[in-house]
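Architecture and fold: a report
Take a look at the letters that make up each chain.
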Amino acid sequence: MAATKTRTSSFTRNVLSVSSSQIPGVKCGPNGTFFVSSGISDLDKILGGGIPLGSLVMVMEDAEAPHHMLLLRNFMSQGLVQNQHLLYASSSKDPRGFLGTLPSPSSSKDGKLRNHDPEQDKGLRIAWQYKKYFGENQQSFDGHRDSKQEFCNDFDLRKPLERHFFSGQCVDCVSVKDSPNLAALRDRCTQFLAQFRRKDGSISSVGRIAIQSLCAPQCEYSNTEWDVLSFIGYLKSMLWSANAVAVVTFPPSLLSETFCKRLQHMADILLSVKAIPDDDKELAKLLTGYQDMVGFLNVYKVARINTQVPLILEATTFSIKLQKRRFLVLECLNQAPIDGSSGASYGTSGSCSGSSKTGTLDF
């Protein structure tokens, strides 16, 4: 009797079989996905846990203000603090000078001031009272809380990152201002990502690539659309088989509509930032906390690895705020309460009709 042949599939899950506790700054997620932090804890929550290894993040810049630099700086600082290798490419003549503007992680005292919540403190006091009833479970909870703190730091935008974090051999900077094409940058990315090729599903180290203003007008290759698309496609294919992530920012206002759409389609995670006008009285009446906002963050696409289930976001537009003018936070937009003298609010608008004197409703 002939033996039955086992059916095989060409589909291979992108799963790593190593515990994330062995690698600083790496967290295990659902379906065997491993994450690294974006440097902003609120953004990690929005993305479903962080940036999956092997992902390409593209950020659309705003022509009015360089708010994309806030995301890029936190992303780079987070990797350097966790001793992850970094490749930074820019259109400036001296890209290494940009490292001096990276923010420094806040101290434990500053973190407590930033995250101070009376209700949370009350809950912690109750938890400590019943700690003896939890035993080992409580210890494991504390360990998880500590690892979560190591995964993403709070960065103080007013304090520069200490020099010893980026003075070693783990940082490589590239200037593409005078390059006629992207061949040199492509070679540097190939050499950089070769250090983080996946072997036997293990993680020994993690790399980060940060490319600022890929299609800046001062670059000679900015008009060669096909070369840029080829580079992004090559970078994405290299990342898929490497324990690394990349964040690329580009100015959509300077690109053609078709070119911009193609770049957006190639991203695993697609974000955009937009500045807020200084004196927008109508917007100030509409949104709460407008005085603390510096811009908006829009989420268009979120990476989903090893699953076909889409991630349903609670919101796609978030406010960018500087808490205490030091810490970068993202919040959902909240409508400001409407005063009765200025008109009816949404809760009392014409979905139902009734008498204003008696208050009775006629459905």
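Residues numbered from 1 in each chain as written. Predicted model: local features only at pLDDT ≥ 70, side-chain atom pairs only at ≥ 80, totals over all residues. Heavy atoms only, no water.

1. Thoughts on the overall build of the protein
Broken down by element type, the protein carries nine helices and 16 strands. Here the protein holds 363 residues, and the buried ones make up 45% of them. When contacts within the protein are restricted to residue pairs at least 6 apart in sequence, long-range pairs at least 24 apart make up 75% of them. Surface accessibility of the protein: about 20800 Å² in total, with carbon and sulfur atoms responsible for 51%. (Helix = DSSP H or I, 4+ residues; strand = E, 2+ residues; numbered from the N terminus. Buried < 20%, exposed > 50% of the residue type's maximum accessible area, 1.4 Å probe, protein only. Contact = heavy atoms within 4.5 Å. Areas by Shrake-Rupley, 256 points an atom, 1.4 Å probe, with all protein chains shown as cover.)

2. Thoughts on the confidence of the model for the protein
Looking at the protein, the pLDDT average stands at 79 and 75% of residues meet or exceed 70. This stretch, residues 131–149, has a pLDDT under 50; its non-local contacts, to residues over four places away or in other chains, come to three contacts. Taken as a whole, residues 340–359 scores under 50 in pLDDT and shows eight contacts with residues more than four places along the chain or in a different chain. (pLDDT = per-residue confidence, 0-100.)

3. Overview of the pattern of salt bridges
Two side chains of opposite charge can pair, provided their charged atoms sit close to one another. Under the criterion given, the structure shown has four salt bridges. With a closest N to O distance of 2.6 Å, R188 and D172 form a salt bridge. Here the residue R188 occupies a position in helix α6 (residues 183–193), and D172 occupies one in strand β8 (residues 171–175), the gap between them amounting to 16 residues. Judged by relative accessible area, which is 29%, R188 ranks as partly exposed. D172 sits in the partly exposed class, given a relative accessible area of 24%. The partner of K321 in a salt bridge is E331, with the nearest N and O atoms 2.8 Å apart. (Salt bridge = Lys/Arg side-chain N within 4 Å of Asp/Glu carboxyl O.)

4. Examining the packing of helix α7 (residues 225–240) against helix α8 (residues 257–266)
In a pair of packed helices, the angle between the axes and the distance between the axes together describe the arrangement. Following both chains from N to C, one finds α7 and α8 inclined at 5°, their axes separated by 10 Å at the closest point. As judged from the angle between their axes, α7 and α8 are roughly parallel. Taking contact as the criterion, the partners of E225, V228, L229, I232, G233 and K236 in α7 are, on α8, F259, R262, L263 and M266. (Axes fitted to C-alpha atoms, helices over the stretch in contact; angles between N-to-C directions. Parallel < 35°, antiparallel > 145°, perpendicular 65-115°, else oblique.)

5. Side note on the sheet that holds strand β2 (residues 34–36)
Two modes of strand pairing occur in sheets, parallel and antiparallel, and in both the strands are linked by backbone hydrogen bonds. Taken together, the three strands give an open sheet; going across it, the order is β1-β2-β3, and neighbouring strands pair in antiparallel fashion. Looking along the sheet, the strands with just one partner apiece sit at the ends: β1 (26–28) and β3 (51–52). Taken together, the three bridges between β1 and β2 define a ladder with antiparallel strand orientation. In the sheet register, C28 faces β2, and the bridge partner there is F34. (Pairing = 2+ DSSP bridges.)

6. Looking at the environment of F35
Position of F35 among the secondary structure elements: in strand β2. With 20 residues separating them along the chain, F35 and S55 place their C-alpha atoms 9.7 Å apart. Discounting residues that sit within four places of it in the chain, F35 has contacts with G25, V26, K27, G29, P30, G48, G49, G50, I51, P52 and F151.

7. Some remarks on the sheet that holds strand β14 (residues 327–332)
Overall, mixed pairing links the nine strands, which are arranged β8-β5-β9-β10-β4-β11-β12-β13-β14 in an open sheet. Taken across any chain shown, the strands that pair with only one partner, and hence form the sheet edges, are β8 and β14. Here the average twist between neighbouring strands, direction ignored, is 20°. Inspection of the sheet shows strand β9 (residues 207–211) paired to strand β10 (residues 244–250) by five bridges, in the parallel sense. Paired with A210 across the bridge in β10 is V247. Against the sheet, helix α2 (residues 68–81) makes contact with β4 (56–60), β5 (85–90), β8, β9, β10, β11 (269–275), β12 (293–301), β13 (317–323) and β14, and its axis sits at roughly 155° relative to β9, the strand it touches most.

8. With respect to the nonpolar core
I51, M76, V171, L271 and L297 are the most contacted members of the largest nonpolar core, which totals 46 residues. If we skip the residues at most four places from it in the chain, I51 touches F34, F35, V36, S38, V57, F75, V245 and I269. Among the nonpolar cores identified, the runner-up in size contains 39 residues, and F196, I211, I232 and L263 belong to it. (Core = buried A, V, L, I, M, F, W, Y, C linked by side-chain atoms within 4.5 Å.)

9. So, empty space enclosed by the protein
Inspection of every chain in the model, using the stated rule, returns four cavities of 30 Å³ or more. Roughly 100 Å³ of internal volume is contained in the largest cavity. Lining the largest cavity, in full, are S38, I40, L43, L47, I51, V57, V59, L71, F75, V247 and L271. Every element with two or more residues in the lining of the largest cavity is listed here: β4 and α2. (1 Å grid on protein atoms, 1.4 Å probe; cavity = no way out; pocket = protein on both sides within 12 Å on 5 of 7 lines; lining within 4 Å. Points joined across faces, edges and corners; volume = space filled by probe spheres on them.)

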